[in-house]
Amino acid sequence: MNKIFKMAIRNLLRYKRRTLLTALLITVGVLTVILFSGLAGSFKEMMIGQITDSNLAQMQIHKKGYVSSIDSMPLNLNLSPKEYKTIEKILQDHPDVVAYAPRIKLSAMLSNYSETTNIRLNAVDPEKETMVCPDVGNRMVFKDNVRKKIFVKPGEIIIPKNLAKGMKVKAGSLVVIVAQNRDGSINGLNFTVAAIIESVLGPQGKEGYIHIKDARTLLRMEKPEVTEIAIRIKNFNKLSAVYTDLKSSLLKFENKKGGLIFEIHTWEKLSPFVNIANMIDLMTISMKLIMIAIVLISILNVMIMSVYERIREIGTMIAIGTSPGKIMGLFLSEGFFLGLISGIAGNIIGIAGIYLLNIFKIRFSFGRMDNLLLSPAININELFWLTAIVLLVSVFATLQPAYKASKMEPVDALRHV
Amino acid sequence: MALVQIENVSKTYQMGEVPVKALQDVSLSIEEASFVSFVGPSGSGKTTILNLIGCLDKPTAGDVFVAGEHINLLNRKQSAAFRGSALGFIFQSFNLLPVLTAYENIEYPLVMIKNISQSIRSKAVHKVLKAVGIMEQKDKFPDQLSGGQKQRVAVARALVTQPKLVLADEPTANLDKKSAVNVIQLMRAMRDEFGTTFIFSTHDPKIMKEAEVIFTLEDGMLVN
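Throughout what follows, the structure given in this document is the object of discussion.

What counts and how
- Residues numbered from 1 in each chain as written.
- Chains lettered and ligands numbered in written order.
- Predicted model: local features only at pLDDT ≥ 70, side-chain atom pairs only at ≥ 80, totals over all residues.
- Heavy atoms only, no water.
- Helix = DSSP H or I, 4+ residues; strand = E, 2+ residues; numbered from the N terminus.
- Rg over C-alpha atoms; globule rule 2.2 N^0.38 Å.
- Contact = heavy atoms within 4.5 Å.
- Areas by Shrake-Rupley, 256 points an atom, 1.4 Å probe, with all protein chains shown as cover.
- Expected span 1.5 Å × (residues − 1).
- Buried < 20%, exposed > 50% of the residue type's maximum accessible area, 1.4 Å probe, protein only.
- Phe/Tyr/Trp six-rings, centres within 6.5 Å; stacked < 30°, edge-to-face > 60°.
- Lys NZ or Arg CZ within 6 Å of the ring centre and 35° of its normal.
- Buried area = accessible area lost by both parts, 1.4 Å probe.
- Salt bridge = Lys/Arg side-chain N within 4 Å of Asp/Glu carboxyl O.
- Core = buried A, V, L, I, M, F, W, Y, C linked by side-chain atoms within 4.5 Å.
- Axes fitted to C-alpha atoms, helices over the stretch in contact; angles between N-to-C directions.
- Parallel < 35°, antiparallel > 145°, perpendicular 65-115°, else oblique.
- Left-handed = near helix turned anticlockwise from the far one by under 90°.
- Nonpolar A, V, L, I, M, F, W, Y, C, P; charged D, E, K, R; others polar.
- Pairing = 2+ DSSP bridges.

Across its full length, chain B holds seven helices and ten strands. For chain B, whose C-alpha radius of gyration is 17 Å, the value lies close to the compact-globule estimate of 17 Å for 224 residues. For chain B, the spread of C-alpha atoms along the three principal axes comes to 50 × 35 × 35 Å. Partitioning the intrachain contacts of chain B with sequence separation of at least 6 by distance along the chain shows that 70% fall at a separation of at least 24. About 9,700 Å² of surface is accessible on chain B, with carbon and sulfur atoms providing 49% of the total.

A few words now on helix 3 (residues 102-113) of chain B. Here helix 3 of chain B contains twelve residues, and its C-alpha end-to-end distance of 17 Å stays within 8% of the 16 Å for a straight helix at 1.5 Å per residue. For helix 3 of chain B, the buried fraction is high: eleven of the twelve residues fall into the buried class. Within the span of helix 3 of chain B, buried status applies to Ala102, Tyr103, Glu104, Asn105, Ile106, Glu107, Tyr108, Pro109, Leu110, Val111 and Met112 of chain B. On its buried side, helix 3 of chain B packs onto helix 1 (2-14), helix 10 (311-319) and helix 11 (324-359) of chain A together with helix 4 (118-132) and helix 5 (147-159) of chain B.

Let us now look at the environment of Gln24 of chain B. All names here are of chain B. Within the element layout of this structure, Gln24 appears in strand 2 (residues 18-30). With 99 residues separating them in the primary sequence, Gln24 and Lys123 have C-alpha atoms 44 Å apart. What Gln24 contacts, discounting residues up to four positions off in sequence, is Val9, Ser10, Asp219, Gly220 and Met221.

Let us now look at the packing of aromatic side chains. Applying the stated criterion to the full structure yields ten aromatic pairs over all chains. A centroid spacing of 5.3 Å and a plane angle of 90° characterise the contact between Phe5 of chain A and Phe337 of chain A, whose relative ring orientation is edge-to-face. Within this pair, whereas Phe5 of chain A is found in helix 1, its partner Phe337 of chain A is found in helix 11, the two being separated by 332 residues in sequence. Every member of this aromatic cluster is reached through a ring pair, and the members are Phe5, Phe336 and Phe337 of chain A. In this arrangement the basic side chain of Arg18 of chain A is found over the ring face of Tyr15 of chain A, its NZ or CZ atom lying 4.2 Å from the centre. Positioned above the aromatic ring of Tyr13 of chain B is the side chain of Arg415 of chain A, whose terminal nitrogen or guanidinium carbon lies 5.5 Å from the ring centre.

Let's shift gears to the interface of chain A and chain B. In many reports, interface size means the accessible area that the parts give up when they come together. Across the boundary between the two partners, chain A contributes 26 residues, which contact 25 residues of chain B. Contact between chain A and chain B buries roughly 2,400 Å² in total, counting both sides, with carbon and sulfur atoms accounting for 61%. Counting the surface chain A buries against chain B, the share from its top three residues, Lys3, Arg10 and Ile320 of chain A, is 28%. Across the contact surface, chain A and chain B share four salt bridges. With a shortest N-O distance of 3.0 Å, Glu104 of chain B and Lys6 of chain A are connected by a salt bridge.

Ranked by size, the top nonpolar core spans 76 residues in total, and within it Ile314 of chain A together with Phe38, Ile49, Ile53, Leu87, Leu165 and Ile199 of chain B carry the most contacts. Beyond its immediate stretch of four places on either side in the chain, Ile49 of chain B contacts Ile6, Leu23, Val26, Leu28, Phe38 and Leu217 of chain B. Counting residues in hydrophobic clusters, the runner-up holds 63 residues, among them Ile212, Tyr243, Leu250 and Ile264 of chain A.

Let's shift gears to the packing of helix 2 (residues 16-56) of chain A against helix 11 of chain A. Residues and elements named next belong to chain A. Across the interface, helix 2 lies against helix 11 with an axial gap of 7 Å and an inter-helix angle of 40°. As the angle between them shows, helix 2 and helix 11 are arranged oblique. Handedness of the helix 2/helix 11 crossing: right-handed. Residue-level contacts link Thr19, Thr22, Ala23, Ile26, Thr27, Val30, Leu31, Ile34, Leu35, Gly38 and Leu39 of helix 2 to Leu338, Ser342, Gly343, Ala345, Gly346, Asn347, Ile349, Gly350, Gly353, Ile354 and Leu357 of helix 11. For the contact of helix 2 with helix 11, the per-class residue count stands at twelve nonpolar, ten polar and no charged.

Residues and elements named next belong to chain A. With twelve of its 15 residues buried, strand 2 (residues 97-111) lies for the most part within the structure. Sheet analysis places strand 2 next to strand 9 (residues 228-233), joined by six bridges and oriented antiparallel. The residue of strand 9 that forms the bridge with Val97 is Ile233. Taking the residues between adjacent antiparallel strands as the criterion, strand 2 and strand 3 (residues 116-124) are bridged by four residues, where Tyr113 takes a positive phi near 80°. Inspection of the sheet shows strand 2 paired to strand 6 (residues 174-180) by three bridges, in the antiparallel sense. From the neighbouring strand, Met109 faces strand 6, where its bridge partner is Val178.

As structure tokens, this is what we get:
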């Protein structure tokens, strides 16, 4: 085997320019995939992080049917205190859940005493909300730029940036919120603008914040109902498993008609960014397919040429008794080593490229979000699979020429000029 | 039984739509440790008969026995194994593997075909290197050797597995006169030293003289 490997490497070095050009082509392919995966993956992770850590949370539990009518923010699909307690017990008992926060969602009218507009509000317990969405405060601009530990207190409101601009209100301004409760009666409360909040992608990214106690007063709730429970788990990579687990726990609860009482959704079902994330995944797969095509065509081409140029040599090897298997092994080894060298080179340059991209930081805007910073990264598993794909495709591309070489008739091959 | 036994062998090639009779009803036998030459003009069938004896081709009719093996009946894999174990080859254009040194070229059949251990290989290679007189050139690649040196390497490669029979198709055709005579004398000396049968083809009268047994072919027929 060593002899075959030695001959394979020497044969590659024999045609230095051709080997170099082919290796360069594959290296560029691998490098492109690494850089694209690193950048696209970083963008995707950053956006998911923005959405889940500053606004949506990783999962949400609602009364069954709420999400399908989420645009109208219905108040008749709230969770009762008893239902909230039931869910709370499940969440407290689950080892992977680190935090949960109750929220009341409502639609209201905002007035600055001269103009009125409508506003979507997210009424939260700020301490619990910060545990579930640790970056929520990062989006807020407080008075005198002093960030508060508890971002919203009773009597305070946080208003979306564009709305504040349109209504000409700023931190410290007084506003009135008027809302209609479930029974149809209207109530109003005065609020002081505590901060202005920047938008995040998605319908829930343009909501204002008030304290949950104010929402209950405003809506004249007799009992402490909640619209949704936002959840944060220990390890985001286990989201799917925890979701399945919690879903199966919630499935046990049925109403008198046998229908489900609760529904649970991950961020993927709640944010339109999931479509962009899926597109990024699709583009990454497309890049990999292009790389596979590059490896396949370049190695197939170089190995066909190699076999054609060495027909007499192959004839000699067969004539002196080399078995067809060893002839095939020799050519397969050449393809394998060509792929290996290119794959390793691509990985090394790719890692260096990712490192450089992290040094020369890339900032960009996405939608209404400005100054987003990309931190491209690629994990070792991705590099391993990329190299494995290159090697597999290299060997696959060499199969046909290698088979052809092994099946040559020695008499014909020796006669070849 | 003779080392090589050819019985009523014919070989016809198809050149487009025209059948070409390369050999017609040839019968002969060659004894062990002989130094035999097939002679004749170009196209007389010398290479064809060497290919048939060398198990590189199959006759259209007749039987070929080499070292007791009815080689007509061997399949592709068995043919390769038989060539590797019982035969050695020397080619007109030397056909050394360009990526291997002289030493590695000689060692090649022992590694790739016979799978012999390193220590035994080393002894065997050094023995033939010394016998053919190219010990000093052992680390050179083929493109660093002269024609005569290359053919010596080829002779050594053919002998290293200690085959019963070495077949050489026009082994001196690409050499100058002096080197050609040297190579033939070397082959003969190797026959004397190792007892290996050598069969070679030539149309050079000076080289023919070195053979002990001469078969003359004309238009695919054995005439002498």
